[in-house]
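# Structural overview
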Amino acid sequence: MKETDFFQQVYQVVREIPSGRVTTYGAIASCLGSKQSSRMVGWAMNKAHQQNPSVPAHRVVNRNGQLTGKHHFETPFIMQQLLELEGVVVKNDCIQKFESIFWDPAKELIL
DNA sequence: ACTTTGACTATAA
DNA sequence: GTTATAGCCAAAG
């Protein structure tokens, strides 16, 4: 596979997300240059579980701060559990103070 | 090559 | 608060 693959770029960004921080699909897509392709980020995450090393997809949520992708994990509550373990407050599948812990790859990530 | 799909986002009603 | 619709684009069937 080429390192320039869209998926690989997504994985690279997601793996750079610091612990206790989260980002959105749109932010990742925007960082890759196509902010409209937020769906592709999610689609990439669909393959993420078979990637090596594993991608911390639990740090990626939708722009509403909601854990929309939790059903794609082994169990629907793993995602919230991992986030809480990193200090992220999650309630009713929504990240509390989401904007405070939001990590923008376009600004925080330095290539 | 064509159609469907998808862990999204924005807008509208 | 909800549902509906459209735009978006690459992978999968």
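Heads up: the structure comes first, above all this text.
Here the structure is a predicted model, which is why all the values come from computation and not from measurement.

### A look at the environment of Arg15
- Within the secondary structure layout, Arg15 lies in helix H1 (residues 6-15).
- Here Arg15 falls in the partly exposed class, since its relative accessible area comes to 32%.
- With residues up to four places along the chain from it excluded, the contact list for Arg15 reads Gln8, Pro53, Val55 and Pro56.
- Of the polar contacts made by the side chain of Arg15, one reaches the backbone oxygen of Pro53; its length is 3.3 Å.

### What to know about unusual backbone geometry
- Along the chain, Asn52 connects to Pro53 via a cis peptide bond; the corresponding omega equals 0 degrees.
- One can find Pro53 in the loop between helix H3 (38-48) and strand S2 (60-61).
- In the Ramachandran plot, Asn92 falls in the positive-phi region, its phi being about 55 degrees despite a non-glycine side chain.
- Judged by relative accessible area, which is 66%, Asn92 ranks as exposed.
- Its identity is not glycine, yet Asp93 carries a phi of approximately 65 degrees, on the positive side.
- Along the polypeptide, Asp93 turns up in the loop between strand S3 (90-91) and strand S4 (94-95).
- Since its relative accessible area comes to 22%, Asp93 is described here as partly exposed.

Reading guide: rules and limits
- Residues numbered from 1 in each chain as written.
- Chains lettered and ligands numbered in written order.
- Predicted model: local features only at pLDDT ≥ 70, side-chain atom pairs only at ≥ 80, totals over all residues.
- Heavy atoms only, no water.
- Helix = DSSP H or I, 4+ residues; strand = E, 2+ residues; numbered from the N terminus.
- Buried < 20%, exposed > 50% of the residue type's maximum accessible area, 1.4 Å probe, protein only.
- Contact = heavy atoms within 4.5 Å.
- Polar contact = N/O pair within 3.5 Å; in protein donor to acceptor, adjacent residues only side chain to side chain.

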